[in-house]
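Structure at a glance
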Amino acid sequence: MTTEIEKPNTPHIIVSDLTMAYGDFVIQRDLSFTINYSDIFIIMGGSGCGKSTLLRHLIGLKSPAKGQVFYGDINFWDITPDERSRIMQKCGILYQKGALWSSMTLAENVALPLEEYSGLSHSNIKEIVSLKLALVGLAGYEEFYPSEISGGMQKRAGLARAMALDPEILFFDEPSAGLDPVSARRLDDLILELRDSLGTTVVIVTHELASIFAIGNNSVFLDAETRTMIAQGDPNRMLAETDDPKVKEFLTRGESAVERVIE
Amino acid sequence: MQAQSKIDFSHFSADTLHAAISGTWKISSKLPAPEEVLNQLATDPRIKNIIINASDLKGWDTTFLTFINAISKECQKENIRFEIQELPKGAKRLLRIASAVSEQKDAYQKRKRKSFLYMVGDSAVVFGTSIVDMVSFIGEASQAVVRFFFGKARFRRIDFLIYIEDCGAQSLPIVTLISLLVGLILAFVGAVQLKMFGAQIYVANLVAIAMVREMGALMTGIIMAGRIGAAYAAQLGTMQVNEEIDALNTMGISPMDFLVLPRLFALALMMPLLTLYSDLLGILGGAIVGVGMMDITPMQYFTQTQASLDMTNISLGIAKGGIYGIIIALAGCLRGMQSGRSAAAVGEATTAAVVTAIVHIIITDGIFAVLCDALGI
Ligand SMILES: Nc1ncnc2c1ncn2[C@@H]1O[C@H](COP(=O)(O)OP(=O)(O)OP(=O)(O)O)[C@@H](O)[C@H]1O
Ligand SMILES: [Mg+2]
């Protein structure tokens, strides 16, 4: 009885041969992967390997040094900025540092995209805002300012804002950083539910092994040393099948490396 | 295409309202409001149960959940039993997640409306504490200066040099422009009056005295309040937002030593020099008018200017410049340190810094005028 999931197993975002650089400083090269509709796609890798940078390429904040990003069959970096921003309206984004608007209350933060794009009435928007805040466990915090809540709460408020318009694609940069295990678990449930019920495509940057294995059905592993991706696919299968010591070490929290030393 | 979303009502028994929901309930479709159901309650007070059947629901997103939520909240208030049949499983689970963390109730109390009297009293108290804050900030800054001269306060030399460059060299273009124009304007205004007495040559005296005693320091002060005072407040305000000042504090580094002193010294050193520079440029501006339009030879203008000035006038202007520099730096740093933790608060701090600096510059100038008169300087 739930919404039928739109076009399962058809590509939603395709990254092809992407090279990312700040000036002459190449962060990652030759990235190619596909994110399907209703995927929960994990971007993982060590700190500083370029995960947030990759996200910035996907959401139109930074243009590729080389290669393309496709949304469906639209070449994202070939179209006009106007058309790009129209695509971005269907996306919700959680930034690594929350990026809440500091001079607005949480309710106003979540309401702004609704006021801009939904055309709903004031009272309707208020209801939606309350629901979105409740979904991330912040019911009753409507009138707080971002500076008056904790770091993890800011993260969750950022999530509520990203979900405001029930977007087609959600981009989360480390959503569970700063959350306690219970809240992190609840967040995983929420992400799964959004995918199952609304067919949302979710792209997540995360280090949280538990949630990588629990919710991810596709992933890419970026390596800082070789500056390219060294594994991709379902994280569970990746753990079982990988021969790469770096991937193995990451997915087992370094246990395999310890074993190697002991052996 | 999306099916039209609608509600159909039927009464099975007198006290039960049945509502069948059908169609697509998404943010993009035109949705019935929860009031449609709630109005039924108002028209028929006998209703004690509401049963909503969602078996014909075609598609939904979270707007559907808000609809359900709104009705369920109202029913709870009115003590009416509320039941949904055939609710999609996903919707059920999402509603469960939404109610997993109970609502923070006292959060609302915090924004109570305040009475007029409360606000008057509050602003008086705020005004009082702001004066105390200002005085204690000046006290702490003085202590830091003393610490510095005993070699106990430290800051990074490179910071100091950067501020020197910012206050000094980088400010030259705007000081040049404004001072030259102020000199020109003074000369024009003076010339019109003095011509009536055939005393055009005294334009040189007027411009020289006005620039050196008053306008040089005053104009430079106002320029620097806008240029540097505002920048100081914005820098420290942003550091406040990012918890950088807290980080200094917890590391045992005094923000007063580390952040305020180099800024204070830089501006206090550069302001007298800029004032002197501004004096010269102002006199040059006067000379352009005097020589160019009033048949005074450059030599005449020069000797006349020289005769009208003495060391007292010049050092008075320079001393004022130094004091204004201290005022600007303190105002900028004080407002920056007091800044709240939002983008708007940083903006307010910047505005407050410029206003505070200019107000105090003018007040100080007034005090100087009275003192000079009393002492016959
Ligand atoms: N604005 C910038 N200019 C130059 N280099 C940058 C810039 N932003 C990031 N970098 C570099 O790009 C690399 C990747 O940064 P990025 O923020 O993408 O890392 P990350 O994988 O998200 O790390 P983390 O998990 O710690 O958030 C880093 O080496 C960083 O030095
Ligand atoms: Mg990052």
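This text goes with the structure placed above it.
First things first, this report covers the structure right here in the doc. (Residues numbered from 1 in each chain as written. Chains lettered and ligands numbered in written order. Predicted model: local features only at pLDDT ≥ 70, side-chain atom pairs only at ≥ 80, totals over all residues. Heavy atoms only, no water.)

**Points about the pattern of salt bridges**
Summed over the entire model, instances satisfying the criterion amount to 15 salt bridges over all chains. Salt-bridge contacts for Glu193(A) lead to Arg93(B); the nearest nitrogen and oxygen are separated by 2.5 Å. Taken together, the positions of Glu193(A) in helix 6 (residues 181-198) and Arg93(B) in helix 3 (residues 89-98) put the pair across two chains. (Salt bridge = Lys/Arg side-chain N within 4 Å of Asp/Glu carboxyl O. Helix = DSSP H or I, 4+ residues; strand = E, 2+ residues; numbered from the N terminus.)

**Quick word on the site of ligand 1**
All names here are of chain A. Taken together, Tyr22, Ile27, Ser47, Gly48, Cys49, Gly50, Lys51, Ser52, Thr53, Gln96, Glu174 and His207 make up all the residues around ligand 1. Measuring from an oxygen atom of ligand 1, one finds a backbone N or O atom of Cys49 at 3.3 Å. Gly50 is positioned such that a nitrogen or oxygen atom in its backbone is 2.9 Å from an oxygen atom of ligand 1. Looking at the shell around ligand 1, the element that brings in the most residues is helix 1 (residues 51-58), giving three residues. (Near = heavy atom within 4 Å. Polar contact = N/O pair within 3.5 Å; in protein donor to acceptor, adjacent residues only side chain to side chain.)

**A closer look at the pairing of strand 3 (residues 40-45) of chain A**
Residues and elements named next belong to chain A. Across the six residues of strand 3, six count as buried, placing the element largely inside the fold. Of the two faces of strand 3, the one carrying Ile40, Ile42 and Met44 and the one carrying Phe41, Ile43 and Gly45 are both buried. Inspection of the sheet shows strand 3 paired to strand 8 (residues 201-205) by four bridges, in the parallel sense. Bridge pairing in strand 8 places Ile43 opposite Val205. Sheet analysis places strand 3 next to strand 9 (residues 218-223), joined by five bridges and oriented parallel. Of the residues in strand 9, the one forming a bridge with Phe41 is Asn218. (Buried < 20%, exposed > 50% of the residue type's maximum accessible area, 1.4 Å probe, protein only. Pairing = 2+ DSSP bridges.)

**Quick look at helix 12 (residues 343-375) of chain B**
Residue and element names in this part refer to chain B. Taking 1.5 Å as the rise per residue, helix 12 with 33 residues should run 48 Å; its terminal C-alpha atoms sit 48 Å apart, in good agreement. Residues of helix 12 that are buried: Ala345, Val346, Ala349, Thr350, Ala353, Thr356, Ala357, Ile361, Thr364, Asp365, Phe368 and Cys372. Elements that come into contact with the buried residues of helix 12 comprise helix 4 (116-149), helix 7 (203-241) and helix 11 (311-338). Gly376 occupies a position one or two residues after helix 12 and carries a positive phi of about 70°. (Expected span 1.5 Å × (residues − 1). Contact = heavy atoms within 4.5 Å.)

**Concerning the coordination of the magnesium ion (ligand 2)**
Residue and element names in this part refer to chain A. Only Ser52 (OG) and Gln96 (OE1) from the protein reach the magnesium ion (ligand 2) as donors, at distances of 1.9 to 2.2 Å. Of this pair, Ser52 sits in helix 1 while Gln96 sits in the loop between strand 6 (91-94) and helix 3 (106-117); the two residues are 44 residues apart in sequence, bridging distant segments of the chain. A residue is classified by how much of its surface remains accessible, and Ser52, at 25% relative accessible area, is partly exposed. A residue is classified by how much of its surface remains accessible, and Gln96, at 37% relative accessible area, is partly exposed. (Donors = N, O, S within 2.8 Å, 3.2 Å for Na, K, Ca; no water.)

**Some remarks on the packing of helix 9 (residues 255-293) of chain B against helix 10 (residues 298-308) of chain B**
Each pair of packed helices can be described by the angle between their axes along with the distance between the axes. Residue and element names in this part refer to chain B. Where helix 9 meets helix 10, the axes come as close as 10 Å, and the angle between the chain directions of the two elements is 140°. The orientation of helix 9 relative to helix 10 falls into the category oblique. Judged by the twist between their axes, the crossing of helix 9 over helix 10 is right-handed. Side by side, helix 9 and helix 10 meet where Ile283, Gly286, Ala287, Gly290 and Val291 of the first sit next to Pro298, Tyr301 and Thr305 of the second. For the contact of helix 9 with helix 10, the per-class residue count stands at five nonpolar, three polar and no charged. (Axes fitted to C-alpha atoms, helices over the stretch in contact; angles between N-to-C directions. Parallel < 35°, antiparallel > 145°, perpendicular 65-115°, else oblique. Left-handed = near helix turned anticlockwise from the far one by under 90°. Nonpolar A, V, L, I, M, F, W, Y, C, P; charged D, E, K, R; others polar.)

**Thoughts on unusual backbone geometry**
One non-glycine residue with positive phi stands out, namely Arg227(A), at about 55°. Tracing the backbone shows Arg227(A) in the loop between strand 9 and strand 10 (228-232). Backbone geometry at Glu86(B) places phi at a positive 60°, although glycine is not the residue there. Assessed through its relative accessible area of 52%, Glu86(B) is described here as exposed.

**Some details on a negative patch on the surface**
All names here are of chain A. Residues Glu108, Glu115, Glu116 and Glu143 make up a contiguous surface patch of negative charge. If you trace the backbone, Glu143 turns up in the loop between helix 4 (122-135) and helix 5 (151-162). Take Glu143: its relative accessible area is 33%, and that puts it in the partly exposed class. (Patch = residues over 30% accessible without salt bridge, like charges linked within 9 Å, V, L, I, M, F, W, Y side chains within 5 Å. Areas by Shrake-Rupley, 256 points an atom, 1.4 Å probe, with all protein chains shown as cover. Lys, Arg positive; Asp, Glu negative; His and termini not counted. Charge placed at Lys NZ, Arg CZ, Asp CG, Glu CD.)

**A closer look at the sheet that holds strand 1 (residues 6-13) of chain B**
Residue and element names in this part refer to chain B. Sheet architecture is open: four strands sit in the order 1-2-3-4, paired in mixed fashion. Edge positions in the sheet fall to strand 1 and strand 4 (81-85), since each has one partner strand and no second. Across the sheet, the mean angle separating the axes of adjacent strands is 20° when strand polarity is ignored. With nine bridges connecting them, strand 2 (residues 16-25) and strand 3 (residues 49-60) associate as parallel partners. From the neighbouring strand, Ser22 faces strand 3, where its bridge partner is Asp56. Most of the contacts of helix 1 (residues 35-43) go to strand 1, to which it runs at about 30°, and overall it touches strand 1, strand 2 and strand 3.

**Overview of the interface of chain A and chain B**
With 32 residues of chain A in contact, the opposing surface of chain B contributes 35 residues. With both sides pooled, the region where chain A packs onto chain B buries about 3000 Å², and carbon together with sulfur makes up 65% of that total. Seen at the junction of chain A and chain B, the total is one salt bridge. For the pair chain A and chain B, the interface holds four residue pairs in polar contact (both at pLDDT 80 or more). Only helix 4 and helix 6 of chain A provide two or more residues apiece to the side of chain A that touches chain B. Among the residues forming the side of chain A that touches chain B, the class breakdown is 14 nonpolar, nine polar and nine charged. (Buried area = accessible area lost by both parts, 1.4 Å probe.)

**Section: the nonpolar core**
Residues Phe172(A), Leu190(A), Trp60(B) and Phe64(B) are the most contacted members of the largest nonpolar core, which totals 69 residues. If you tally residues by element for this core, the top one is helix 4 of chain A, at seven residues. Within the second largest apolar cluster, 44 residues are counted, among which are Ile228(B), Leu248(B), Leu259(B) and Leu334(B). (Core = buried A, V, L, I, M, F, W, Y, C linked by side-chain atoms within 4.5 Å.)

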